Amino acid sequence: MAEIRIEGVSKVFGDTYAVRNANLTIHDQEFLVLLGPSGCGKTTLLRAVAGLGMADAGQVLIGGRDVTYLPPGERKISMVFQSYAIFPHMTVRDNIGFGLRMSKTSKTEIKRRVDEAAELLHIEDLLERRPADMSGGQRQRVAVARALAMQAEVLLMDEPLSNLDALLRLEMRAELKRLLREVKATTIYVTHDQIEALSMGDRIAVMRDGVIQQCDEPATVYSEPVNQFVGSFIGNPPMNFIDGVLRRVDTGLVAEVGDGFQIPATSEVPDELMPRVDAPIRLGIRAESMVTSAEPAEGAIEVVISVVEPLGAQNLLTIDLGDNRLKVSTHPSFDVRPGQTVWLQLPAEQIRWIDPADELVLGTGAR
Ligand code: ATP
């Protein structure tokens, strides 16, 4: 069992909190992605788990053992860093086997594990070469192979695919996910690439300014963000946000947006909305959650398309609604042009209601 528990971990540099009161439990064999923009504290938190930077407060437990004050070598972990830290003068074989030699593993066992890791990473032909003569992507795969060869129960990875070209990265994403399932390690994986996070993680912990905002399964983080930051950081295009005023009309609650357009809530509006009538409200909705038609439709808003971006599998329309600029995804067969009038429906159950003051999601139209 190698559950990782991060309890109240903080790390301060000068007067900046790089990590503030982080609490996370990564289950045995789980693949947890730490996601967030540059400088949000992902690496600092990973280093605290690795034992490379002592936390200023809090505890780290691995497999129930308090490792907060243990050096990295005594934590039974294996690491891959963005800088991949492999030795240029050693052959790939010696690099992959380095940690095993340090831990006095037998020569036959080292050979077996190095061959196996090299095969998994498709670098078996490079084993006798030196990293100095290799590409960044190949070196990065050597670093991943070295970490896997250790067969540690805990694997910590900091942007391990950052130096691969786009195609190899796509391939390695799926490959690494499969590999990690096979090796059954508990993994923390740091990235700022939200696609990588969505596609690889069992769960994603989204960080901002040193604070974990939300930790949930990818589908939940995507469709039920806890705040506007998470909704805008995850997804391409980001979630749309529409500012309006909450009104009570004969048919129930509506958000009044743009030039008096009314967007209705479902009958099961979240309780948090009730006291907010006549106050500003912000709606969040995904590009693919809106329905566009060329003809007037029930409850649809009449809008004009300003830009059409054909992206192959979808067309992305830009539509101005009052002061709000929306991105709306449509099927490529929906043939429209800039300047054309269309009708836009915002299904109530797809709307996330946000408090514009603190940008927290109050509840969903479906609840
Ligand atoms: P990136 O994706 O760019 O690697 P990150 O999310 O991993 O970013 P960290 O490297 O953890 O972020 O940095 C978090 C904050 O702490 C940043 O403001 C950074 O400038 C600061 N920081 C990190 N390491 C140090 C250090 N050794 N000394 C001073 N400040 C630091």
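Treat the numbers as computed from the prediction; the structure is a model and nothing was measured. (Residues numbered from 1 in each chain as written. Predicted model: local features only at pLDDT ≥ 70, side-chain atom pairs only at ≥ 80, totals over all residues. Heavy atoms only, no water.)

A.B. asks: I would appreciate a short explanation of the site of the ligand in the present structure.
C.D. replies: If you check the shell around the ligand, you find Phe13, Ala18, Pro37, Ser38, Gly39, Cys40, Gly41, Lys42, Thr43 and Thr44 and nothing else. Gly41 is positioned with one of its backbone polar atoms (N or O) 3.0 Å from an oxygen atom of the ligand. Here Thr44 contributes a side-chain N or O atom positioned 2.5 Å from an oxygen atom of the ligand. A per-element tally of the shell around the ligand places helix 1 (residues 42-50) first, with three residues. Across the shell around the ligand, the residue classes tally to four nonpolar, five polar and one charged. (Near = heavy atom within 4 Å. Polar contact = N/O pair within 3.5 Å; in protein donor to acceptor, adjacent residues only side chain to side chain. Helix = DSSP H or I, 4+ residues; strand = E, 2+ residues; numbered from the N terminus. Nonpolar A, V, L, I, M, F, W, Y, C, P; charged D, E, K, R; others polar.)

A.B. asks: Please explain the pairing of strand 7 (residues 154-158) as it appears in this structure.
C.D. replies: Along any regular strand the residues' side chains alternate between the sheet's two faces. Among the five residues of strand 7, five are classified as buried, and the element is accordingly described as predominantly covered. Both faces of strand 7 are covered, namely the face carrying Val154, Leu156 and Asp158 and the face carrying Leu155 and Met157. Pairing geometry for strand 6 (residues 77-80) and strand 7, over four bridges, is parallel. Paired with Met79 across the strands is Leu156, a residue of strand 7. Examined bridge by bridge, strand 7 and strand 8 (residues 186-191) share five bridges and lie parallel to one another. For Leu155, the partnering residue across the bridge sits in strand 8 and is Thr187. Crossover connection from strand 7 via helix 5 (residues 166-183) to parallel strand 8: handedness right-handed. (Buried < 20%, exposed > 50% of the residue type's maximum accessible area, 1.4 Å probe, protein only. Pairing = 2+ DSSP bridges. Right-handed = clockwise from strand over helix to strand, strands pointing away.)

A.B. asks: Can you walk me through the pattern of salt bridges in this structure?
C.D. replies: For side chains bearing opposite charge, pairing can occur when the charged atoms are close. This structure, assessed with the given rule, holds 24 salt bridges. Residues Arg247 and Glu256 are paired through a salt bridge, measuring 3.3 Å at the closest nitrogen-oxygen approach. A single network of salt bridges, built from pairs that share partners, joins Arg93, Lys111, Asp115 and Glu128. (Salt bridge = Lys/Arg side-chain N within 4 Å of Asp/Glu carboxyl O.)

A.B. asks: Help me understand the sheet that holds strand 6 in this model?
C.D. replies: The strands making up a sheet are joined through hydrogen bonds of the backbone, oriented either antiparallel or parallel. One open sheet accounts for six strands, arranged 6-7-8-3-9-10; its pairing is mixed. Looking at the sheet topology across the chains shown, the edges are occupied by strand 6 and strand 10 (211-216). Taking each pair of neighbouring strands and ignoring which way they run, the sheet shows an average axis angle of 15°. For strand 3 (residues 31-35) and strand 8, the ladder comprises five bridges, and the chain directions are parallel. For Leu35, the partnering residue across the bridge sits in strand 8 and is Thr191. Against the sheet, helix 4 (residues 136-149) makes contact with strand 6 and strand 7, and its axis sits at roughly 175° relative to strand 6, the strand it touches most. (Axes fitted to C-alpha atoms, helices over the stretch in contact; angles between N-to-C directions. Contact = heavy atoms within 4.5 Å.)

A.B. asks: Is there a simple way to explain the domain arrangement of the protein in this structure?
C.D. replies: Taken domain by domain, the protein consists of domain 1 (4-228) and domain 2 (240-364). Here the C-alpha centroids of domain 1 and domain 2 sit 39 Å apart. When the two sides are added together, the surface that domain 1 and domain 2 hide from each other amounts to roughly 800 Å², 42% of it contributed by carbon and sulfur. Taken as a group, Tyr222, Glu224 and Gln228 account for 64% of the area that domain 1 buries against domain 2, more than any other trio of residues on that side. (Domains from an automatic or database assignment. Buried area = accessible area lost by both parts, 1.4 Å probe.)

A.B. asks: Looking at this model, I keep getting lost on the nonpolar core. Mind explaining?
C.D. replies: Soluble globular proteins: nonpolar side chains tend toward being buried together. Val92, Ile96, Leu121, Ile123, Met157, Leu176 and Tyr189 are the most contacted members of the largest nonpolar core, which has 44 residues in total. When residues in this core are grouped by element, the largest group, seven residues, is from helix 4. The next biggest cluster of nonpolar side chains, apart from the first, holds 28 residues, and it includes Ile242, Leu246, Ile263 and Met290. (Core = buried A, V, L, I, M, F, W, Y, C linked by side-chain atoms within 4.5 Å.)

A.B. asks: Just checking my understanding: could you explain the layout of surface pockets for this structure?
C.D. replies: By rolling a water-sized probe across the atoms, one finds the places where empty space is left. Considering only enclosed or pocket space, the largest pocket measures out at about 670 Å³ in volume. Around the largest pocket sit 26 residues that line it, and Pro72, Ile77, Ser78, Met79 and Met150 are the ones nearest its centre. Mapped by element, the contributors of at least two residues to the lining of the largest pocket are strand 6, helix 2 (92-102) and helix 4. Here the lining of the largest pocket takes four residues from strand 6, the largest share from any one element. If you add up the space inside the second largest pocket, you get close to 190 Å³. Contributing to the lining of the second largest pocket are Gln262, Ile263, Pro264, Val291, Glu298, Gly299, Ile301, Leu344, Gln345, Leu346, Pro347 and Ala348. Of all elements in the fold, only strand 13 (261-264) and strand 19 (341-345) reach the threshold of two or more residues within the lining of the second largest pocket. The element that contributes the greatest number of residues to the lining of the second largest pocket is strand 13, accounting for three residues. A class-by-class count of the residues in the lining of the second largest pocket yields eight nonpolar, three polar and one charged. (1 Å grid on protein atoms, 1.4 Å probe; cavity = no way out; pocket = protein on both sides within 12 Å on 5 of 7 lines; lining within 4 Å. Points joined across faces, edges and corners; volume = space filled by probe spheres on them.)

A.B. asks: Any chance you could explain empty space enclosed by the protein here in plain terms?
C.D. replies: One pass over the structure, following the stated rule, counts one cavity of 30 Å³ or more. In this model, the largest cavity occupies a volume close to 40 Å³. Ala48, Gly53, Met54, Ala55, Val60, Thr68 and Arg75 are the residues that line the largest cavity. Among the residues making up the lining of the largest cavity, the classes are represented as four nonpolar, two polar and one charged.

A.B. asks: How should I be thinking about helix 2 in this particular structure?
C.D. replies: Given 3.6 residues per helical turn, the α-helix brings residues three or four places apart onto the same face. Listed as buried for helix 2 are Val92, Asn95, Ile96, Gly97, Gly99 and Leu100. Close packing links the buried residues of helix 2 with helix 3 (107-120) and helix 4. Lys104, located one to two residues past helix 2, shows a positive phi value of around 60°.

A.B. asks: Can you walk me through the side chain of Thr292 in this structure?
C.D. replies: Relative to the elements of secondary structure, Thr292 occurs in strand 15 (residues 291-293). For Thr292, a relative accessible area of 14% puts it in the buried group. If sequence neighbours within four positions are ignored, Thr292 has contacts with Leu317, Val328, Thr330, Phe334, Val342, Trp343 and Leu344.

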